[in-house]
Amino acid sequence: MAVQTTTARSATTRAPSPPRRRRGHLTGYLFISPAVLLFLVFIAGPFVAAILLSFYTWDLLTPADFVGLRNFGRLIADNDLRRSMLNTLVFAAASVVTHIGLGLALALAVHRKMNAVVRYFVRTTFFFPFVVSWAAVALVWKYVLDPTFGIGGYYVERLGFSAPNWLSTPSLAMPSIIAVDWWHTIGYTFIILLAGLQTVPETLLEAARVDGANAWQRFWSVTLPMMSPTLFFATVITFIGAFQIFEPMLIMTQGGPSGSTRSIVQYTYEQAFQQFQIGYASAVALVLFVVVMGVTLLQFRLSRRWVHQ
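This is a predicted model, so every value here is computed, not measured. (Residues numbered from 1 in each chain as written. Predicted model: local features only at pLDDT ≥ 70, side-chain atom pairs only at ≥ 80, totals over all residues. Heavy atoms only, no water.)

Description of the overall build of the chain
Heads up, the condition is: Strands are runs of DSSP state E lasting at least 2 residues, helices are runs of H or I lasting at least 4, and numbering of each runs from the N terminus. Three labels apply to residues, based on accessible area from a 1.4 Å probe with only protein chains included: buried if under 20% of the type maximum, exposed if over 50%, partly exposed otherwise in between. Contacts are assigned to residue pairs that have any heavy atoms within 4.5 Å of one another. Areas reported as accessible are Shrake-Rupley estimates using a 1.4 Å probe. Residue values count occlusion only from the protein chains shown. All tallies of charge rest on Lys and Arg as positive and Asp and Glu as negative; His and the ends of each chain are not included. Every charge is mapped to an atom, namely NZ of Lys, CZ of Arg, CG of Asp or CD of Glu.
The helix and strand tally for the chain stands at 13 helices and two strands. Expressed along its principal axes, the backbone C-alpha trace of the chain runs to roughly 95 × 70 × 35 Å. Counting over 309 residues, the chain shows a buried share of 35%. Of the contacts made within the chain by residues no fewer than 6 positions apart, 68% connect residues no fewer than 24 positions apart. By element, 69% of the accessible surface of the chain is carried by carbon and sulfur atoms, the whole surface being about 18,900 Å². A distance of 18 Å separates the average location of the 22 positive side-chain charges in the chain from that of its 12 negative side-chain charges.

Next up, the structure:
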């Protein structure tokens, strides 16, 4: 009985008082307040503003005029919007395929026994372009692909071919931008997939090797299933990033030729800050949000069938 009384008294003594508990809560709120403030100012606030502005017509100079759902009705008949959306979908699909396929091949090539200095050099070489800003990358590659002054055209002519006009030919402009995007961002996907390869248990690979599985069978039956969460993450991140592409189209081709490289983000920018149709641009931005969210949710739904838990 005495032991129980002493224990209860000790527990009561250790319990924090209400003022101290409130101070602890206040400290926690202060720690998260910068993140909450940034979220409200740069994400939640603009999102709510875009929803409200989509019901108005506004040119930044005159008072906004409420038009209801007229902006959304205009979306249906906008051929330029449909083409921009198609361009973005093509770019996103090609970006996912090239980043996951070739990124995984690069990760497999590096994930082998090699000298530590060589391994560090190779990883740094692949990742370095990713830290360069898109504006600088687009300007450099615009010069490289110039048919008259670019070094790319120079080497093509040295091989005996005539240098094509990469960025002014409708059939070549989008593949050129896709290639530049791969060169610039493959380092990020490469690092993610390389990290995923390093999480595959060596014991499983050794067990498959003892059972007589060859290299392809070990890759298909052990490595890929164990890497499926990493592949899923890389696929989602790559798709979202590709659907928000803007700088290379604006700098390298200005959306041309004939709108063949205009992305949905660039179209939104043009409607808002060149045509000064803020309300309609907000409606387009909401369509972009719905498409990205819908495809991402679909990816999460389909991931139940192939992602190893």
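Some details on unusual backbone geometry
The amide bond that connects Gly256 to the next residue, Pro257, takes the cis arrangement and shows omega of -5°. Even without being a glycine, Leu60 presents a positive backbone phi close to 75°. The topology assignment puts Leu60 in the loop between β1 (56-57) and β2 (65-66). For Leu60, a relative accessible area of 37% puts it in the partly exposed group.

Some points on the nonpolar core
Under the convention used in this document: We define the nonpolar core as a collection of buried residues of types Ala, Val, Leu, Ile, Met, Phe, Trp, Tyr and Cys that are connected through side-chain atoms lying within 4.5 Å of one another.
Among the nonpolar cores identified, the biggest contains 49 residues, and Leu81, Phe91, Leu193, Met227, Phe243, Ile264 and Val284 are the most heavily contacted of them. When neighbours within four sequence positions are excluded, Met227 is seen to be in contact with Leu104, Leu193, Gly196, Leu197 and Val200.

A short note on the layout of surface pockets
So the rule is basically this: Using a 1 Å grid laid over the protein atoms alone, points where a 1.4 Å probe fits but cannot get out form a cavity; open sets with protein on both sides within 12 Å along at least 5 of 7 lines form a pocket; any residue with an atom within 4 Å of a point counts as lining. Grid points are joined across faces, edges and corners, and a volume is the space filled by probe spheres set on the points.
By volume, the largest pocket amounts to about 760 Å³. In terms of lining, the largest pocket is formed by 25 residues, of which the most central are Ala50, Thr268, Ala285, Leu286 and Leu288. Residue assignment for the lining of the largest pocket shows that the elements contributing at least two residues are α2 (18-53), α12 (264-273) and α13 (278-306). By residue number, the principal contributor to the lining of the largest pocket is α13, which donates eleven residues.

Re the packing of α12 against α13
Test applied: Lines fitted to the C-alpha atoms define the axes, with helices restricted to the stretch that makes contact. Angles between their N-to-C directions range from 0 to 180 degrees. Each angle receives one of four descriptions, namely roughly parallel if under 35 degrees, roughly antiparallel if over 145, roughly perpendicular if within 65 to 115, and oblique otherwise. The sense of a crossing depends on the near helix, which, turned anticlockwise from the far helix by less than a right angle, makes the crossing left-handed and, turned clockwise, makes it right-handed. For this scheme, ten residues count as nonpolar: Ala, Val, Leu, Ile, Met, Phe, Trp, Tyr, Cys and Pro. Four count as charged, namely Asp, Glu, Lys and Arg, and the remainder, Gly too, count as polar.
The N-to-C vectors of α12 and α13 enclose an angle of 165°; their axes lie 8 Å apart at closest approach. If you check the angle between α12 and α13, you find them roughly antiparallel. Relative to α13, α12 is oriented so that their crossing is left-handed. Counting all contacts with α12, which are made through Ile264, Val265, Tyr267, Thr268, Gln271 and Ala272, the residues of α13 involved are Ile278, Tyr280, Ala281, Val284, Ala285 and Leu288. In terms of residue class, the contact of α12 with α13 is built from ten nonpolar, two polar and no charged.

Description of the side chain of Ser263
Note that Ser263 resides in the loop between α11 (247-253) and α12. Setting aside chain neighbours within four positions, we find Ser263 in contact with Ser84, Thr88, Ile245, Phe246 and Met249.

As for the side chain of Ser303
Note the cut-off: N or O atoms within 3.5 Å of each other form a polar contact, as long as, within protein, one can give a hydrogen and the other can take it, and as long as residues adjacent in sequence are counted only when both atoms are side-chain atoms.
Within the element layout of this structure, Ser303 appears in helix α13. Taking relative accessible area as the criterion, Ser303 reaches 9% and is therefore assigned buried. Within the structure, Ser303 has its side chain in polar contact with the backbone oxygen of Phe300 (distance 2.5 Å).

Some words on the environment of Trp166
Structurally, Trp166 can be placed in the loop between α7 (151-158) and α8 (170-198). Separated by eleven residues in the primary sequence, Trp166 and Ile177 place their C-alpha atoms 9.4 Å from one another. When near neighbours in sequence (up to four residues on either side) are disregarded, Trp166 contacts Leu145, Val156, Leu172, Ala173 and Ser176.

What to know about the packing of aromatic side chains
How we decide: Only centres within 6.5 Å qualify two rings of Phe, Tyr or Trp (six-membered ring in Trp) as a pair; their planes then separate them into stacked at under 30 degrees, edge-to-face at over 60, and tilted for everything else.
Overall, the coordinates contain 15 aromatic pairs when judged by the stated rule. With 5.6 Å between their ring centres and 45° between their planes, Phe127 and Phe130 make a pair best called tilted. For Phe127, a relative accessible area of 29% corresponds to the partly exposed category. Assessed through its relative accessible area of 31%, Phe130 is described here as partly exposed. Taken together, the ring pairs in this structure connect Phe127, Phe130 and Tyr188 into an aromatic cluster.

Observations concerning a positive patch on the surface
Keep this limit in mind: Each patch is built from residues that are more than 30% exposed by relative accessible area and take part in no salt bridge. Like charges join if they lie within 9 Å; nonpolar side chains (Val, Leu, Ile, Met, Phe, Trp, Tyr) join within 5 Å. Only one rule defines a salt bridge in this text: a Lys or Arg side-chain nitrogen within 4 Å of an Asp or Glu carboxyl oxygen.
On the surface, Arg20, Arg21, Arg22 and Arg23 cluster together into a patch of positive charge. Residue position: Arg23 is located in helix α2.

Examining a nonpolar patch on the surface
Among the surface-exposed residues, Tyr29, Phe31, Ile32, Val36, Leu37, Leu38, Phe39, Leu40, Val41, Phe42 and Ile43 lie close enough to one another that they form a single nonpolar patch of about 1,200 Å² accessible area. Residue position: Tyr29 is located in helix α2. Judged by its relative accessible area of 55%, Tyr29 is exposed.

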